[in-house]
Structure formats: structure tokens, C-alpha cells
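Here is what each chain is made of, one letter per residue.
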Amino acid sequence: MKRILGRQPLGLLFSSPYLAFVMVVFAFPIVYAVWISFHDFFFAAPGAEPARPFVGLDNYVAAFSNPAVIRSFGNVGVFLIINVPLTVVLALLLATALNKVVHARTFLRVSYYVPYVTASVAVVAVWLFLFNGNGLVNSMLGPLAPDPSWLINDKLAMPIIALYVTWKQLGFYILLYLAALQNVPKELYESAEMDGGGKIRQFFSVTVPGVRPATLLVLLISTVTGANLFTEPYLLTAGGGPNGASASPVLMMYQLGIQQGQPDVASAIGIVLVLGVLVIAFIQNRFVGERES
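Values in this document were obtained by computation on a predicted structure and should not be read as measured data. (Residues numbered from 1 in each chain as written. Predicted model: local features only at pLDDT ≥ 70, side-chain atom pairs only at ≥ 80, totals over all residues. Heavy atoms only, no water.)

Undergrad: How should I be thinking about the overall build of the protein in this particular structure?
TA: From N to C terminus, the protein includes 14 helices and 0 strands. Listed N to C, the secondary structure of the protein is α-α-α-α-α-α-α-α-α-α-α-α-α-α in terms of helices and strands. Each principal axis of the C-alpha atoms in the protein carries an extent, and together these give about 75 × 75 × 30 Å. Looking at the protein as a whole, 36% of its 293 residues are labelled buried. Long-range pairs, those at least 24 residues apart, make up 66% of the contacts in the protein with a sequence separation of at least 6. When the accessible surface of the protein is totalled, it reaches about 17200 Å², and 69% of it is carbon and sulfur. Within the protein, the 13 negative side-chain charges are centred at a point lying 10 Å from the centre of the 16 positive side-chain charges. (Helix = DSSP H or I, 4+ residues; strand = E, 2+ residues; numbered from the N terminus. Buried < 20%, exposed > 50% of the residue type's maximum accessible area, 1.4 Å probe, protein only. Contact = heavy atoms within 4.5 Å. Areas by Shrake-Rupley, 256 points an atom, 1.4 Å probe, with all protein chains shown as cover. Lys, Arg positive; Asp, Glu negative; His and termini not counted. Charge placed at Lys NZ, Arg CZ, Asp CG, Glu CD.)

Undergrad: Explain the packing of aromatic side chains to me, please; I cannot follow it from the model alone.
TA: Aromatic rings in a pair are described by how distant their centres are and how their planes are angled relative to each other. Applying the stated criterion across every chain, the model contains 21 aromatic pairs. Summarising the aromatic geometry, the rings of Y164 and W167 are spaced 6.3 Å apart at their centres and angled 45° between planes, so their arrangement reads as tilted. Here Y164 and its partner W167 are both found in helix α8 (residues 157–181), 3 residues apart, which amounts to about one turn of the helix. With centroids separated by 6.0 Å and ring planes inclined at 90°, the aromatic side chains of Y234 and Y254 adopt a geometry described as edge-to-face. Residue Y234 is found in helix α12 (residues 231–236), and its partner Y254 is found in helix α13 (residues 249–259); the two are separated by 20 residues along the sequence. Put simply, the rings of W127, F131, W150, Y164 and W167 pair up and form one aromatic cluster. (Phe/Tyr/Trp six-rings, centres within 6.5 Å; stacked < 30°, edge-to-face > 60°.)

Undergrad: Explain unusual backbone geometry here, please?
TA: When glycine is set aside, most residues are seen to have a negative phi, and most peptide bonds are trans. Here the amide bond leading from D147 into P148 is cis, since omega sits at 0°, within 30 degrees of zero. If you trace the backbone, P148 turns up in the loop between α7 (136–141) and α8. In this chain, G241 is followed by P242 through a cis amide linkage whose omega measures -5°. Checked against the element boundaries, P242 lands in the loop between α12 and α13.

Undergrad: Could you clarify how one ought to interpret the packing of helix α9 (residues 186–194) against helix α10 (residues 199–210) in this entry?
TA: When two helices pack together, their arrangement is given by the angle between their axes and by how far apart the axes lie. Contact geometry of α9 with α10 gives a least axis separation of 10 Å together with a crossing angle of 145°. The hand of the α9/α10 crossing is right-handed. Contacts between α9 and α10 involve L188, Y189, A192 and E193 from the first element and Q202, V206 and T207 from the second. Here the contact of α9 with α10 is composed, by residue class, of 4 nonpolar, 2 polar and 1 charged. (Axes fitted to C-alpha atoms, helices over the stretch in contact; angles between N-to-C directions. Left-handed = near helix turned anticlockwise from the far one by under 90°. Nonpolar A, V, L, I, M, F, W, Y, C, P; charged D, E, K, R; others polar.)

Undergrad: Explain the environment of A247 here, please?
TA: Along the polypeptide, A247 turns up in the loop between α12 and α13. Taking the C-alpha atoms as reference points, A247 and L108, separated by 139 residues in sequence, lie 34 Å from one another.

Undergrad: Could you clarify how one ought to interpret the environment of A266 in this entry?
TA: Considering the arrangement of structural elements, one finds A266 in helix α14 (residues 263–292). A relative accessible area of 6% means that A266 is categorised as buried. Sequence separation of A266 and L151 is 115 residues, and the distance between their C-alpha atoms is 26 Å. Not counting residues up to four positions away in its chain, the partners in contact with A266 are M253 and G257.

Undergrad: I'm lost on the side chain of N83 in this one. Help?
TA: In this fold, N83 is placed in helix α4 (residues 67–100). Within the local environment of N83, its side chain forms a polar contact with the side chain of T166, the two groups lying 2.8 Å apart. (Polar contact = N/O pair within 3.5 Å; in protein donor to acceptor, adjacent residues only side chain to side chain.)

Undergrad: Any chance you could explain the confidence of the model for the protein here in plain terms?
TA: When pLDDT drops low, the exact placement of atoms in the prediction is not to be read closely. Of the residues in the protein, 96% reach a pLDDT of 70 or more, and the chain-wide mean stands at 89. Least confident of the elements in the protein is helix α1 (residues 2–5), whose mean pLDDT is 66; most confident is helix α3 (residues 58–64), at 95. (pLDDT = per-residue confidence, 0-100.)

In C-alpha cells form, the structure reads like this:
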């Protein structure tokens, strides 16, 4: 029984409601999505039970024979290359600076966190005002402004979305790093200072290793969040424009599964996306997490 229930069976009892929640909300939909991706599945009227034959890998072939789907994976790759490193670096630097602030500390922390809790629709309106053709950014740049403008430029649309998401979610990751910084012993900084280490040396020799578990968490969360990119391209570029340059796999799943009635093909895209995120998470844990252990 101990081998099955563990040393503390009461802990399993307390955690069982959350385990049930995870099974219902996450595990079952993923398993069902895998089943859908291997069958000829379509939406039917309530109560109807049409035949849904097994089609093997046909849905996967159909999905990745579509150039728009392949491009969407490339788009989210560009997004992650910009967003994830920028999030880690800015969040750590700002958290370190905030951790040393004495006056107005609460005000500054709240200021960084406000964009994260603000509704995306409201914040998107501000960014549209800043980056549209006649927006504030182009007015400041004058003749240096890009043509076509930022959000209708197929080379600049996704980088602008990556910057927007980085800015909006930065407050959450700053709080994670602030919590991690509280656990870094101050004696280590004193020892480094006595050994002649300056502020920069202390940062790389004490702070960065001390918050490595938080860095792994930030990497994982930002990667998973970025791979599920949907709201931002849907609102900022009117659904993945221009010409699919900012479309994400999740946006393609919505368009194919909901708008075009191909949930089986959309499920195939989703399964490949999940597997890709798992591979990235494994690599991150291998190169960041194992060093911490």
C-alpha cells in the first residue's frame, strides 16, 4: 500500500481534487484530441452519431501539406526566439534592480505588474495607436519609418507582436524573480565583495546561479505561453496578417477547426505543437535544470 499510496496517504487525499481537475480539464481533452487526429472527424448535430473512420496519418499529411500551417510554425519560432530570451534577461535585470530599491518599491512593483493584469483588448488599442501607419512611432521616426508600416509589414509584424507580449507579461516574471532573489543568501554577496568582486561580477557569479530554478520556470512558462499565441495576432494583425506573416499554429487551429469545420486537421496541428513544446521543455530542463541540481 505504501508503494501505491506513498508514505503520506493523507497527502494523496488532499491533492485528489486537483488531480481530478487536471484529468478532466487537461488530460481527457489531450487524449480525445489524439483520437480525433487519427479519425475522419467532423461536427455533427447533437444526438447524431455519424461514422468516423480511422484514417491514420491522413490528417497530419493534410495539415502539413498546407504552406500556411508550416509558415505558422516558423512564425511562432521567430516569436519564441525573440520573446523568451528577452523575457528572461529583462525580467532578471529589472527584478535585481527592484530588489535594491528602497523608496517607492511597492509603487514600482505594481507599475510593472499592471500591464499583465490589464485586458488585452484595451492594451492592444494603445499599441495599434502607436504602430499604425499614422501612429506616434512613425511620426517620431519621420522618413525612417518602415514602409509598409509595422503591423502590415510581413517582416516586422511578428517581431512587434513578440515585443508586445514581452512588455505585457514582464511583470509576472519579475515577481517570480523577486521571490527567487529573496532566497539568495546575502552572505554570498558579502563574500564576493570581500574577494574583490564588483557589482557585475556579483551579478553573474551570485545572482544568476542563485535564481537558476526561477530561470528554468520562466523559460518553461514563457515557452508554453508563446507556443499558445493566439490573442495578440488575432487582435493586432486582424487574424494573422499580412498574408499569414503573423499567424500562429493555435490561430491556424481556430481557423481550420472552427471557421472551416476541419477539427481533425486542427487536432493534428495541436498534437504536433504539444510534442514540439515538450521537446523544447526537455532541452531547457536538460541544459538549465540539471546544472541547478
